[in-house]
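Here is what each chain is made of, one letter per residue.
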Amino acid sequence: MKSWVEISEERLSGNYHALRTAAGAGIPLLAVVKANAYGHGLAVCAPVLAKAGARWLGVNDAEEGVAARGILAAAGIPVELQPRILIMGGSLPDEADLLIEHDLTPVVWGVEQLEPLAAAVDRREMGFRFRVHLEVDTGMARQGVPPGEGLETVLAWLATHPGLRVEGVMTHFASTEVALSGQTLRQREAFEQAMGQVTLAGIRPELVHVGNSSMIDNCVAAAGEGSSVVWLRGVAARAGSDAMLRAGIGLYGYCLTIEGEAGDAASLVHEQLRPVMTWKTRVLAVREIGRGDTVGYNGTYVAQRPMQVALLAAGYADGLRRELSGPSGLPGGWVMVHGQEAAVLGRVSMNLTVVDVTEIPDVKMGDAVVLLGDGITAEDHARLAGTISYEVLCGVRAEARLVE
Ligand SMILES: *Cc1c(COP(=O)(O)O)cnc(C)c1O
């Protein structure tokens, strides 16, 4: 194997418990494992999170949900003890039977999604009501039904279709990493309006859930009135429901930096989280180059002195961002070789990368090299690539293995 990802079980469950503690007593976390657990390997992470106590997992689509069911069963967790699985990214009409068969719980927001589900439930004469979570669009214009008329239509439809039961009501916030965000306040108001309509329609969901890792992070500082967690508790209590929070990136040890006032205090959680992934590759070859020799495509790096360079068995096809290439003539990003920084020389290629090991003794063919982990974080990659840690992590294409 030329490149692989080592997942720390201790850190993954430690991050889960840190986020739970920060969310506060009595608020369970839905552990988000979409996009192959943010590049960390669903097969490795789902059982660890279940063992850590997660009663809900969140995936994007039915296909990921079926995979998660298989993984949990293979890990020896009997169906009745497996976490519930929420399909957060919407589902298509032809997936209704698959959802029911694998006990996957879809997020829904429109009659055109509900109809095929209700039809599938009727066909199966299940003898129990199939549970769905209703998403309210409070301002992202992505998924969800807006409060008001749109929601009224869906609620009226639900009232005449007893095969389906609204187990959860949820929304998604757009700016949770912004301290005291006006957008969050407006979204909160819209959600309260929607919950009022749900209650009036006689629906009492077991669960009301919102948020993401940054919301938990942000709330550590903004205790009291400003805290969206405190707000959520109130909304859920008024509806006769339990509150739940959803968390993804924080489980894997990353979180956006809180912007604006109270940002420093808010990084409390951020600082307790520890990166779970160590992405490694191996040295394919070591060679000496002379002054004036160029490295890689277009010869963008020119050696100013004799150097020792190592060829690594990973490139942008594996998820190593091409932006780690140095700007013309300069080194760019770095990797960790024997615990020391080794600068990327020239352009990152599709499956190969050259790094400077002149000052690092005893580097030889076959040595393991850290592409992402202690000494080089997904935030470092993201800064160099002009993106966010999320995109770096879920872009990593390497087989995951569990360690300690
Ligand atoms: C991905 C996702 C989350 C998790 O967000 P993080 O920022 O990774 O914690 C929560 N809710 C929904 C609906 C999501 O799609």
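Residues numbered from 1 in each chain as written. Predicted model: local features only at pLDDT ≥ 70, side-chain atom pairs only at ≥ 80, totals over all residues. Heavy atoms only, no water.

Digging into the side chain of Ser8
Assignment of secondary structure puts Ser8 in strand β1 (residues 3–8). Exposure remark for Ser8: the relative accessible area of 6% places this residue in the buried category. Those residues in contact with Ser8, other than ones at most four positions away along the chain, are Val276, Val403 and Glu404. (Helix = DSSP H or I, 4+ residues; strand = E, 2+ residues; numbered from the N terminus. Buried < 20%, exposed > 50% of the residue type's maximum accessible area, 1.4 Å probe, protein only. Contact = heavy atoms within 4.5 Å.)

Notes on the site of the ligand
Inspection of the region around the ligand gives 13 residues, with Lys34, Tyr38, Ser213, Arg246 and Tyr390 positioned closest. A distance of 2.8 Å separates a nitrogen atom of the ligand from a polar atom in the side chain of Arg246. Residue Ile249 places a main-chain N or O atom 2.8 Å away from an oxygen atom belonging to the ligand. Considering the ligand on its own, with 390 Å² of exposed area, one finds that the protein chains cover 91% of that surface. When contributions to the shell around the ligand are tallied by element, the ones reaching two or more residues are α2 (34–38) and β9 (242–247). A breakdown of the residues in the shell around the ligand according to their chemical character gives six nonpolar, five polar and two charged. (Near = heavy atom within 4 Å. Polar contact = N/O pair within 3.5 Å; in protein donor to acceptor, adjacent residues only side chain to side chain. Areas by Shrake-Rupley, 256 points an atom, 1.4 Å probe, with all protein chains shown as cover. Nonpolar A, V, L, I, M, F, W, Y, C, P; charged D, E, K, R; others polar.)

Notes on the pattern of salt bridges
Oppositely charged side chains may form a pair once their charged atoms are brought near each other. The full count for this structure, using the stated rule, is 15 salt bridges. A salt bridge links Arg274 to Glu10, with the nearest nitrogen and oxygen atoms 3.6 Å apart. Note that Arg274 is positioned in the loop between α11 (263–272) and β10 (277–289) and Glu10 in helix α1 (residues 9–23), a separation of 264 residues in sequence. Overall, Arg274 belongs to the partly exposed group, its relative accessible area being 36%. When the shortest N-O distance is used, the salt bridge between Arg165 and Glu206 registers 2.6 Å. Here the residue Arg165 occupies a position in strand β7 (residues 164–170), and Glu206 occupies one in the loop between α8 (182–200) and β8 (207–210), the gap between them amounting to 41 residues. For Arg165, a relative accessible area of 24% puts it in the partly exposed group. Here the residues in one salt-bridge network are Asp97, Glu101, Arg123 and Arg124, joined through shared partners. (Salt bridge = Lys/Arg side-chain N within 4 Å of Asp/Glu carboxyl O.)

A look at the packing of aromatic side chains
Inspection of every chain in the model, using the stated rule, returns four aromatic pairs. Ring geometry for Phe173 and Trp231: centres 5.8 Å apart, planes at 50°, overall tilted. Placement of the pair is Phe173 in the loop between β7 and α8 and Trp231 in helix α10 (residues 228–239), with a sequence separation of 58 residues. Accessibility expressed as a relative area gives 2% for Phe173, which makes it buried. Every member of this aromatic cluster is reached through a ring pair, and the members are Tyr38, Tyr252 and Tyr390. (Phe/Tyr/Trp six-rings, centres within 6.5 Å; stacked < 30°, edge-to-face > 60°.)

A few points about the nonpolar core
Grouped together as the largest cluster of nonpolar side chains are 120 residues, with contacts concentrated most on Leu49, Phe130, Phe191, Leu245, Tyr252 and Trp279. A per-element tally of this core places helix α3 (residues 42–52) first, with eight residues. Taken domain by domain, the makeup of this core includes at least three residues from each of domain 1 (9–272) and domain 2 (277–376). Those residues in contact with Phe130 that sit more than four places away from it in its chain are Leu99, Ile100, Leu104, Pro106, Leu117, Val121, Gly163, Leu164 and Arg165. In this structure, Val295, Tyr301, Ala303 and Met307 belong to the second largest nonpolar core, which totals eight residues. (Core = buried A, V, L, I, M, F, W, Y, C linked by side-chain atoms within 4.5 Å. Domains from an automatic or database assignment.)

Here's the deal with the packing of α8 against α10
One can describe the packing of α8 onto α10 by two numbers: an axis separation of 10 Å at closest approach and a directional angle of 10°. With respect to their mutual orientation, α8 and α10 come out roughly parallel. Residues Thr184, Arg188, Phe191, Glu192, Met195 and Thr199 of α8 pack against Ser228, Trp231, Val235, Arg238 and Ala239 of α10. Classifying every residue of the contact of α8 with α10 by side-chain character gives five nonpolar, three polar and three charged. (Axes fitted to C-alpha atoms, helices over the stretch in contact; angles between N-to-C directions. Parallel < 35°, antiparallel > 145°, perpendicular 65-115°, else oblique.)

A few points about unusual backbone geometry
One non-glycine residue, Asp103, lies in positive phi territory at about 50°. With respect to the helices and strands, the residue Asp103 is situated in the loop between α5 (96–101) and β5 (104–108). Overall, Asp103 belongs to the partly exposed group, its relative accessible area being 30%. The phi dihedral of Asn298 falls on the positive side, at around 65°, and the residue is not glycine.

With respect to the sheet that holds β7
Spatial ordering of the closed barrel is given by β2-β3-β4-β5-β6-β7-β8-β9, a layout of eight strands whose pairing is parallel. Going from strand to strand, the sheet's axes swing by 30° on average, the running direction of each strand aside. As defined by bridge partners, β7 adjoins β8 across three bridges and the pair is classed as parallel. When the bridges of β8 are listed, Val169 appears paired with Val208. Helix-sheet contacts for helix α6 (residues 111–124) involve β5, β6 (130–135) and β7, and the interaxial angle to β5 is about 150°. (Pairing = 2+ DSSP bridges.)

Some words on α1
Note: α-helices contain 3.6 residues per turn, so residues at a spacing of three or four share the same orientation. Its 15 residues give α1 an end-to-end C-alpha distance of 21 Å, which sits within 8% of 21 Å, the value for a rise of 1.5 Å per residue. Taken together, the buried positions of α1 are occupied by Glu9, Leu12, Ser13, Asn15, Tyr16, Ala18, Leu19 and Ala23. In the segment just after α1, Gly24 is the residue with positive phi, at about 105°. (Expected span 1.5 Å × (residues − 1).)

A short note on the domain arrangement of the protein chain
When its domains are assigned, the protein chain resolves into domain 1 (9–272) and domain 2 (277–376). Computed from C-alpha coordinates alone, the two centres of domain 1 and domain 2 are separated by 41 Å.

Quick word on the packing of α3 against helix α4 (residues 62–74)
Running from amino to carboxyl end, α3 crosses α4 at an angle of 65°, the nearest separation of the two axes being 9 Å. Between α3 and α4 the crossing geometry is right-handed. Packed against α3, whose contacting residues are Leu42, Ala43, Ala46, Pro47 and Ala50, the element α4 presents Glu64, Ala67, Ala68, Ile71 and Leu72 at the interface. Of the residues in the contact of α3 with α4, the class split is nine nonpolar, no polar and one charged. (Left-handed = near helix turned anticlockwise from the far one by under 90°.)

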